[in-house]
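Chain residues, written in single-letter form:
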Amino acid sequence: MKRLGILFLREGLLKKSLLRNCLLKVVLLAGVLTPLLAQAELTFGIVAPSSGGAAPLGLGMQKGIETYFAEVNAAGGVNGETLALIARDDQYKPLQAASNTRALIQEDEVLAAIGNVGTPTATVTIPIYNEYETLLYGAFTGAGVLRKSPPDRYVINYRASYVQETAAMVDGLLEAGVLPEEIAFFTQNDSFGDAGYNGATKALAAHGVDNISELAHGRFTRGTRNIHQGLATILEAPVTPRAVIIVGTYGPAADFIREAKNDLPDTVFLNVSFVGSQALMDELGDLSEGVIITQVVPPLDADLPAVEAYRQALDTHANGSEPDFISLEGYLAAKLFVEGVKAAGADPDRDAIVDGLLGLGSVDIGLEEPVSLGPNDHQASDAVWPTIITNGRFESVEWASLLP
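Not measured: the values here are computed from a predicted model. (Residues numbered from 1 in each chain as written. Predicted model: local features only at pLDDT ≥ 70, side-chain atom pairs only at ≥ 80, totals over all residues. Heavy atoms only, no water.)

Caption draft 1: Representation of the overall build of the protein chain within the structure. Within the protein chain one finds twelve helices and 14 strands. Projected onto the principal axes, the alpha-carbon positions of the protein chain cover approximately 120 × 40 × 40 Å. Partitioning the contacts of the protein chain with sequence separation of at least 6, the portion at a separation of at least 24 is 70%. With an accessible surface of roughly 17900 Å², the protein chain has 52% of that area assigned to carbon and sulfur atoms. (Helix = DSSP H or I, 4+ residues; strand = E, 2+ residues; numbered from the N terminus. Contact = heavy atoms within 4.5 Å. Areas by Shrake-Rupley, 256 points an atom, 1.4 Å probe, with all protein chains shown as cover.)

In structure tokens, the structure reads:
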């Protein structure tokens, strides 16, 4: 009987030990699962050049987006989920953009694309985003192909259009006393160049100019710096231009300005924001003095909550990177985008992200004026800030005193 009692006692102790071990394992498993659950990700993508001549544009947008994502993640994420960005390099080549877009959607299974770069690349990828009902948001281009009426459901823009940028140029030049026939164009020979040129001619037509086709228009091939034939077209014009509107990336734009200044020392050279302001100034050096670039984001030193937050975020999350207009655009676009992600609710799908953004209405993200989105309004900002390079800085343009 005594031996039987000892056996029962041993069995009880064994059960308690097993129970204790099981409970310990549950606790340990819960400790492992908790951070895993907390680290659930919402994954987005960017297809943009990170190599090649247009790399500063893609890398700038990526830096701005990732900086804001890091800021949000440090504060706990969105609805308990962190934000992640997958980048694919298209080298600013349409065919690579198309294949990378399909990979981003089918293999990476992103919820949306954000911050893609370029008009030629957008032209071939928009049909893919529409086909797979996946959002293309905040692309670094002001082209009309992303601004249809009625708008494509799966294309939503942050920035002002090239029509608005070139309209600001035309309005300013006419205010400065430049005659319409004294305006010339130097543009990339593709859909990007066409978009900028058509925006400017539309602005001239709005001022009653009817001989637009007679204005000098030089062109160059995308991906090259062969600017001489286009320059010759402008130099051979019957009227010497007092202003040349340039629609291109910083490399050929810099080459053109450098060469043109030899024969046109008093001419004003104007660029749309896509040129890459800092890269253009670095490439030109002292010859950048007086070059005008329209911006679609505020000045880098603006006393605005969003810009101040951007500068602080660069210090905290981007190793103290220097501010620039491209990464600021990526940051601001991401800031509004995250508001849409919040509105989409927990564990959103692709369509929920679209609905979240288009349901935002008017939103104050810390700029001078609210930005807005809606079912029939797929462009958040209409603002343009013309700047001029003065003593190595980007200053606001005073059109009335631009020319003697």
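We are not done yet, so read on.
Caption draft 2: Focus on the packing of aromatic side chains. Taken as a whole and judged by the stated rule, the model has 14 aromatic pairs. The interplanar angle of 85° and the centroid separation of 6.1 Å between the aromatic rings of Phe256 and Phe269 together place this pair among those described as edge-to-face. Taken together, the residues span a long stretch of sequence, with Phe256 in helix α8 (residues 250-263) and Phe269 in strand β9 (residues 268-271) at a distance of 13 residues. Judged by relative accessible area, Phe256 falls into the buried class, the value being 0%. For Phe269, a relative accessible area of 2% puts it in the buried group. A cation over an aromatic ring shows up here: Arg159 above the ring of Phe140, its NZ or CZ 4.8 Å from the ring centre. (Phe/Tyr/Trp six-rings, centres within 6.5 Å; stacked < 30°, edge-to-face > 60°. Buried < 20%, exposed > 50% of the residue type's maximum accessible area, 1.4 Å probe, protein only. Lys NZ or Arg CZ within 6 Å of the ring centre and 35° of its normal.)

Caption draft 3: Local environment of the nonpolar core. If you look at the biggest cluster of nonpolar residues, it comprises 132 residues, and the most contacted ones within it are Phe44, Tyr137, Tyr158, Phe256, Leu336 and Phe337. Sorting elements by how many residues they give to this core places helix α11 (residues 325-343) first, with eleven residues. (Core = buried A, V, L, I, M, F, W, Y, C linked by side-chain atoms within 4.5 Å.)

Caption draft 4: Focus on the confidence of the model for the protein chain. On average, residues of the protein chain score 91 in pLDDT, and 90% of them reach the 70 mark or higher. Every residue in residues 22-30 is under pLDDT 50, and counting partners more than four places away or in other chains gives zero contacts. In the predicted structure, residues 32-38 sits below a pLDDT of 50 and forms one contact with residues beyond four places in sequence or in another chain. (pLDDT = per-residue confidence, 0-100.)

Caption draft 5: Just the sheet that holds β9, in detail. In space, the seven strands of this open sheet follow the order β7-β6-β8-β9-β10-β13-β14, with mixed pairing throughout. Edge strands, defined here as strands with exactly one partner in the open sheet, are β7 (217-220) and β14 (393-396). Between one strand axis and the next, the sheet turns through 25° on average, direction left out of account. In this structure, β9 lies alongside strand β10 (residues 292-295), joined through two bridges in parallel fashion. Counterpart to Leu270 in the pairing with β10 is Ile292. (Pairing = 2+ DSSP bridges. Axes fitted to C-alpha atoms, helices over the stretch in contact; angles between N-to-C directions.)

Caption draft 6: Spatial organisation of unusual backbone geometry. Residue Pro150 is reached from Ser149 by a cis peptide bond, and omega for that bond is -5°. Among the structural elements, Pro150 can be located in the loop between β4 (135-137) and β5 (155-156).

Caption draft 7: Expanded view of the side chain of Glu165. Locating Glu165 in the fold gives a position in helix α5 (residues 162-175). Reaching out from Glu165, the side chain makes a polar contact with the side chain of Arg159 at a distance of 3.2 Å. One polar contact links Glu165 to Thr294, side chain to side chain, over a distance of 2.6 Å. Apart from residues no more than four positions distant in its own chain, Glu165 is found in contact with Arg159, Val272, Ser273, Thr294, Val296 and Val384. (Polar contact = N/O pair within 3.5 Å; in protein donor to acceptor, adjacent residues only side chain to side chain.)

Caption draft 8: Local environment of the pairing of β10. Neither face of β10 is left uncovered, since the one carrying Ile292 and Thr294 and the one carrying Ile293 and Gln295 both have all their residues buried. Handedness of the crossover joining β9 and β10 through helix α9 (residues 277-284): right-handed. Across four bridges, the pairing between β10 and strand β13 (residues 385-390) is antiparallel. Following the sheet pairing, Thr294 is matched in β13 by Pro386. (Right-handed = clockwise from strand over helix to strand, strands pointing away.)

Caption draft 9: Looking closely at the side chain of Thr166. Within the secondary structure layout, Thr166 lies in helix α5. Of the polar contacts made by the side chain of Thr166, one reaches the backbone oxygen of Gly199; its length is 3.5 Å. A distance of 3.1 Å separates a polar atom in the side chain of Thr166 from the backbone nitrogen of Ala200.

Caption draft 10: Region of the structure containing the pairing of strand β1 (residues 41-48). Burial analysis of β1 places seven of its eight residues in the buried class, which makes it a mostly covered element. Viewed along the sheet, the connection from β1 through helix α2 (residues 55-74) into strand β2 (residues 82-89) turns out right-handed.

Caption draft 11: Here's a closer look at the environment of Tyr197. Mapped onto the fold, Tyr197 is located in helix α6 (residues 191-206). C-alpha of Tyr197 to C-alpha of Thr187: the two residues are ten residues apart in sequence and 7.2 Å apart in space.

Caption draft 12: Focus on the environment of Gly208. Position of Gly208 among the secondary structure elements: in the loop between α6 and β7. Judged by its relative accessible area of 55%, Gly208 is exposed. Placed 28 residues apart in sequence, Gly208 and Pro180 show a C-alpha to C-alpha distance of 9.9 Å.

Caption draft 13: Geometry of the packing of α2 against α11. Running from N to C, α2 and α11 point in directions that differ by 45°, and their axes come no closer than 7 Å. As far as their axial angle goes, α11 and α2 are oblique. Read as a crossing pair, α2 and α11 show a hand that is right-handed. Taking contact as the criterion, the partners of Pro56, Leu57, Gly60, Met61, Lys63, Gly64, Ile65, Thr67, Tyr68, Phe69, Glu71 and Val72 in α2 are, on α11, Ile326, Ser327, Glu329, Gly330, Tyr331, Ala334, Lys335, Phe337 and Val338. Partitioning the contact of α2 with α11 into residue classes produces twelve nonpolar, five polar and four charged. (Parallel < 35°, antiparallel > 145°, perpendicular 65-115°, else oblique. Left-handed = near helix turned anticlockwise from the far one by under 90°. Nonpolar A, V, L, I, M, F, W, Y, C, P; charged D, E, K, R; others polar.)

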